[in-house]
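# Residue-level structural notes
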Amino acid sequence: SGAGKTETAKRMMQFLAHMAGAHVGDRLGLEVNATALDAKSPAALHALLLRTNAVMEAFGNARTVMNDNSSRFGKFLSVQYDTSAKLLGAQINTYLLEKTRVVQRGEGECSFHVLYMLLLGLPPSEAGQLDLKPDAALYRYARLHGAELYPAGREGESWPAQLAEVRHVLTDAIGLSAAEVWSLLSVLAATMHCGQIDFATPNSGQTSMGAALNEGAMRPIKALARLLGVEPAKLCDALTTRVIRAGTEWVTKPNTTAEAKDLADALAKALYSRTFDRIVSATNGAIGLTRAGAPGGGSLAHSFIGILDIFGFEQFASNSLEQLLINYTNETLQSLFNQLVFEAATAEAAVEGVSTADFSDGQVDNREVLSLFAAERSGLIATLNEECIFPKGTDESFVAKLRRANAKNGRLVDDSSDARANSKGAFTVKHFASDVTYSAASFLLKNKDPFSEDLVVLLRASSEPTVSSLFAPPTAEKSAAKRAGAFQRLVFKGVAPQFDAQLQRLLRVLGAGQVHFVRCVKPNGDKKPGRFEGERVLAQLRCGGVMEAVRVFAAGFPDRVLHESVCARFAALAGLPPKPGTAEAAQALLTKLGVNKGQYALGHTKVFFKVGVVPALELRRERLLAENALKCQAAVRGMLARKQARTHLAASRDASDKRRRAAESELALAEMEALVSAERAAEAETTAVAEALARRATEEAVVAVAAEAAAAR
């Protein structure tokens, strides 16, 4: 539980919707990014299918200790196509809704999501109309033991948002009117009020007296009667008394307190399960071949794609009839899986011309456990149904009869004196996944699934159309089918035989098509990413049949390799170049490699190997590759080292040349600077001499002029 089966089924539907032209998003599976889809288009129908998931999960899923959104029913969705692969319609078939969860749950588990949406998501004005208070702890059918209710609901959404989404899908997608949706919510509210009826506990010595209501218990009776459209007094009478036929007269007999409580619980289960069936029926009406605007009706349906999302193998501390039927389903599907895998293995061998004498499914054959469940006279289901007919039949007498009838069946453990049986009312079955001990307490009651005829008559006369329709008598077609045979009319069929008939019909549908199995694995129990618990995964592989599939393939020649691949991959082991992939070349190569002839068989295009042969050859090949890889690595590393050394030497020479040229350049520059300095000094000296001579000449001229002037005077 919680491995992702339901989410995987939704992803498959998203893929089909994508292929039909719808724009698929992550949340509910549909986001139309452009124009609105044509209501009659295949994409629109796929979109509708995806949207109905919210309703199916609300009414059929619940929080368990293993999974916050666990499917508590099986679902087979058939998407139907015409000869041109155009989508025509779809249909949903459901299996074994766990309606006992409405009235009874295990430690730390919740009831169905929609009941909490109803209690915690309704506006105060609407809750008042249904006489509901927004506190799950006040209601016996919603109260938790050993756990707290997530305040934000599932997937982080608030309860009001979830309820609004469900109501929107029911009206906008499925096509119910707002009044019809309100009527269904009223029936769900009536279901909750059934758990509030308090019957008085009889005093000592008064066990034979009839059931009576405790003081103050009339309030839930009145609320329940108003919602169901019946008179409170008549409802009270139907719960506390029953009318039986004595000869030619009808006699009213009081119910005991225990019987009255069981009747209230049975009423709650009937209300919820019939509401669930009504939702499924309405959904099929919206998506089926007979819906308004369907292209051509069912006559054009040619093929279908079916998605089966069904409960996995279950084993709890206490296992009852529900777990037994669930595990029987898994045994049946596992048998189909084994058969398909084994047939595929033998079919390929036959095509290749390989003898199938060595193939055997004896190791994985679970026909013995299926016989334990479904044998016509001695099987568990037949024995349980037969014991329900006997007036003095009990759970213990059923277990004793089951052990006597199947004493030679190795899958029924003789644990009558075993501590795990704890009493005569328990038995253990060796399933393909694990040994499971079932407590037979209430097996007969659950198989009978009794419901008071007085209540049926009362509810059929309800003033509420929805309630009266939920308990309406069978249609003419169903009545005609029931009258088909006088013998069948007298045969009692309880919950288990009815479920077995459903399962057999499902198997016929699966057998008519090409079946693919999707294995979902839950990596850890904390719902955390990046955490892998080996033991948990291994247990799931066992329960999911993966280990059995490995054994099926290992029963014959599990490895099949093309001749070309054998010659190409393993020729190097014999020191040979690859040769053309023929049977003769493959055989010669295997002989040279020392592979025994009994360890393989030659087909027309493939070599069929026994267990362990190919891994051994692959190991030898890996070792040879490793040795050659070391040699290649050594050569390449040497080449790289030499290249690196040459690079270093060249770089060193370049650096030395650069240093020498730099020194020469510096010396030449110094010499040039010295020469320039000398030239400048010489030029300065010449200039100074010239200036001195000029000054002397000037002075001499001045002296001469002065002398001439003096002489003139």
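Cut-offs used in this document
- Residues numbered from 1 in each chain as written.
- Predicted model: local features only at pLDDT ≥ 70, side-chain atom pairs only at ≥ 80, totals over all residues.
- Heavy atoms only, no water.
- Helix = DSSP H or I, 4+ residues; strand = E, 2+ residues; numbered from the N terminus.
- Buried < 20%, exposed > 50% of the residue type's maximum accessible area, 1.4 Å probe, protein only.
- Areas by Shrake-Rupley, 256 points an atom, 1.4 Å probe, with all protein chains shown as cover.
- Core = buried A, V, L, I, M, F, W, Y, C linked by side-chain atoms within 4.5 Å.
- Contact = heavy atoms within 4.5 Å.
- Pairing = 2+ DSSP bridges.
- Axes fitted to C-alpha atoms, helices over the stretch in contact; angles between N-to-C directions.
- pLDDT = per-residue confidence, 0-100.
- Phe/Tyr/Trp six-rings, centres within 6.5 Å; stacked < 30°, edge-to-face > 60°.
- Lys NZ or Arg CZ within 6 Å of the ring centre and 35° of its normal.
- Salt bridge = Lys/Arg side-chain N within 4 Å of Asp/Glu carboxyl O.
- Parallel < 35°, antiparallel > 145°, perpendicular 65-115°, else oblique.
- Left-handed = near helix turned anticlockwise from the far one by under 90°.
- Nonpolar A, V, L, I, M, F, W, Y, C, P; charged D, E, K, R; others polar.
- Expected span 1.5 Å × (residues − 1).
- Arc of directions from axis to C-beta.

## A few points about the overall build of the chain
- Helices and strands together make up the secondary structure of the chain, namely 25 helices and 13 strands.
- Considering the chain as a whole, with its 713 residues, one finds that 41% of them fall into the buried category.
- Carbon and sulfur atoms form 55% of the exposed surface of the chain, whose accessible area is close to 38,300 Å².

## Quick word on the nonpolar core
- Among the nonpolar cores identified, the biggest contains 90 residues, and Phe 59, Leu 132, Leu 228 and Tyr 272 are the most heavily contacted of them.
- Ranked by residue count, the leading element in this core is helix α10 (residues 257–287), at 14 residues.
- Excluding anything up to four places from it in sequence, Phe 59 contacts Phe 112, Val 114, Val 166, Leu 188, Tyr 272, Thr 275, Phe 276 and Ile 279.
- Within the second largest apolar cluster, 40 residues are counted, among which are Leu 324, Ile 326, Leu 372 and Phe 427.

## A short note on the sheet that holds strand β3 (residues 74–81)
- Across the sheet, three strands lie side by side as β4-β3-β7; this open sheet has antiparallel pairing. The open sheet is flanked by β4 (87–95) and β7 (303–309), the only strands paired with a single partner. The mean angle between the axes of side-by-side strands here comes to 15°, regardless of whether they run parallel or antiparallel.
- Here β3 pairs with β4 via eight bridges, running antiparallel. Within β4, the position partnered with Tyr 81 by the bridge is Leu 87.
- Of the strands in this sheet, β3 and β7 touch helix α1 (residues 5–19), which is tilted by about 155° from β7.

## With respect to the confidence of the model for the chain
- Overall, the predicted model of the chain reaches an average pLDDT of 84, with 86% of residues at or above 70.
- Within the chain, the lowest mean pLDDT, 44, falls on helix α19 (residues 486–490), and the highest, 97, falls on helix α7 (residues 178–194).
- Contacts from residues 23–39, a stretch scored under 50 in pLDDT, to residues over four places away or in other chains number 30 contacts.
- The low-confidence segment residues 485–489 (pLDDT under 50) makes two contacts with residues lying over four places distant or belonging to another chain.

## Re the packing of aromatic side chains
- Under the definition given, this model contains 13 aromatic pairs.
- Here Phe 313 and Phe 432 contribute two aromatic rings whose centre-to-centre distance is 6.0 Å and whose plane-to-plane angle is 65°, an arrangement assigned as edge-to-face. On the criterion of sequence distance, the pair formed by Phe 313 in the loop between β7 and α11 (321–351) and Phe 432 in the loop between β9 (426–430) and β10 (435–439) is long-range, its members being 119 residues apart. Taken as a pair, Phe 313 and Phe 432 share a single burial class, namely buried.
- Taken together through their ring pairs, the aromatic side chains of Phe 398, Phe 427, Tyr 438 and Phe 443 make up a single cluster.
- Sitting over the face of the ring of Phe 337, Arg 519 holds its NZ or CZ atom 4.5 Å from the ring centroid.

## Description of the environment of Trp 182
- Examined against the element boundaries, Trp 182 turns out to sit in helix α7.
- Taking the C-alpha atoms as reference points, Trp 182 and Thr 466, 284 residues apart in sequence, are found 10.0 Å from one another.
- If near-sequence neighbours (up to four positions away) are discounted, Trp 182 is found in contact with Glu 126, Gln 129, Leu 130 and Arg 167.

## Digging into the pattern of salt bridges
- Applying the stated criterion to the full structure yields 19 salt bridges.
- In this structure, Glu 57 and Lys 10 form a salt bridge, with 2.9 Å as the shortest nitrogen-oxygen distance. Of this pair, Glu 57 sits in helix α3 (residues 53–60) while Lys 10 sits in helix α1, and the two are 47 residues apart along the sequence. Side by side, Glu 57 and Lys 10 carry an identical accessibility label, which is buried.
- One salt bridge in this structure joins Glu 618 and Arg 569, with 2.9 Å as the shortest N-O distance.

## Comments concerning the packing of helix α4 (residues 113–121) against helix α6 (residues 159–173)
- α6 packs onto α4 with a crossing angle of 115° between their chain directions and a minimal axis gap of 8 Å. Classified by the angle between their axes, α4 and α6 sit roughly perpendicular to one another. Between α4 and α6 the crossing geometry is left-handed. Residue-level contacts link His 113, Tyr 116, Met 117, Leu 120 and Gly 121 of α4 to Trp 159, Pro 160, Gln 162, Leu 163 and Val 166 of α6.
- Each residue belonging to the contact of α4 with α6 can be placed in one class, and the counts come to seven nonpolar, three polar and no charged.

## Focus: unusual backbone geometry
- Of note, Leu 96 is a non-glycine position whose phi angle comes to about 50°, a positive value.
- By the secondary structure assignment, Leu 96 is in the loop between β4 and α4.
- With a phi angle near 60°, Asp 131 is a residue other than glycine that sits in the positive phi range.
- Tracing the chain through its elements places Asp 131 in the loop between α5 (124–129) and α6.

## Describing the sheet that holds strand β8 (residues 412–413)
- Taken in spatial order, the three strands of this open sheet run β8-β9-β10, and their pairing is antiparallel. A strand with exactly one partner marks an edge of an open sheet, and here the two such strands are β8 and β10.
- Pairing of β9 with β10 involves five bridges; the strand directions are antiparallel. Paired with Val 429 across the two strands is Val 436, which belongs to β10.
- Contacts between helix α14 (residues 395–405) and the sheet are confined to β8 and β9, with β9 contributing the most and set at about 40° to the helix.

## Details of α11
- In a regular helix each residue adds 1.5 Å, so 31 residues correspond to 45 Å; α11 covers 45 Å between its end C-alpha atoms and thus fits that length.
- Within α11, 23 of the 31 residues are buried, which leaves the element mostly enclosed by the surrounding structure.
- Once α11 ends, the next one or two residues include Gly 353, with phi positive near 80°.

## A word on α6
- If you check α6, its first and last C-alpha atoms are 20 Å apart, about what 15 residues at 1.5 Å a residue would give, namely 21 Å.
- Within the span of α6, buried status applies to Trp 159, Gln 162, Leu 163, Glu 165, Val 166, Val 169, Leu 170 and Ala 173. An end-on view of α6 places all buried positions within 160° of arc, on one side of the element.
- In the segment just after α6, Gly 175 is the residue with positive phi, at about 95°.

## Here's the deal with the packing of helix α8 (residues 218–228) against helix α9 (residues 232–240)
- Contact geometry of α8 with α9 gives a least axis separation of 9 Å together with a crossing angle of 110°. Relative to α9, α8 is oriented roughly perpendicular. Between α8, through Met 218, Ile 221, Lys 222, Leu 224 and Ala 225, and α9, the contact on the second element is made entirely by Pro 232, Leu 235 and Leu 239.
- Tallied by class, the residues present in the contact of α8 with α9 amount to seven nonpolar, no polar and one charged.

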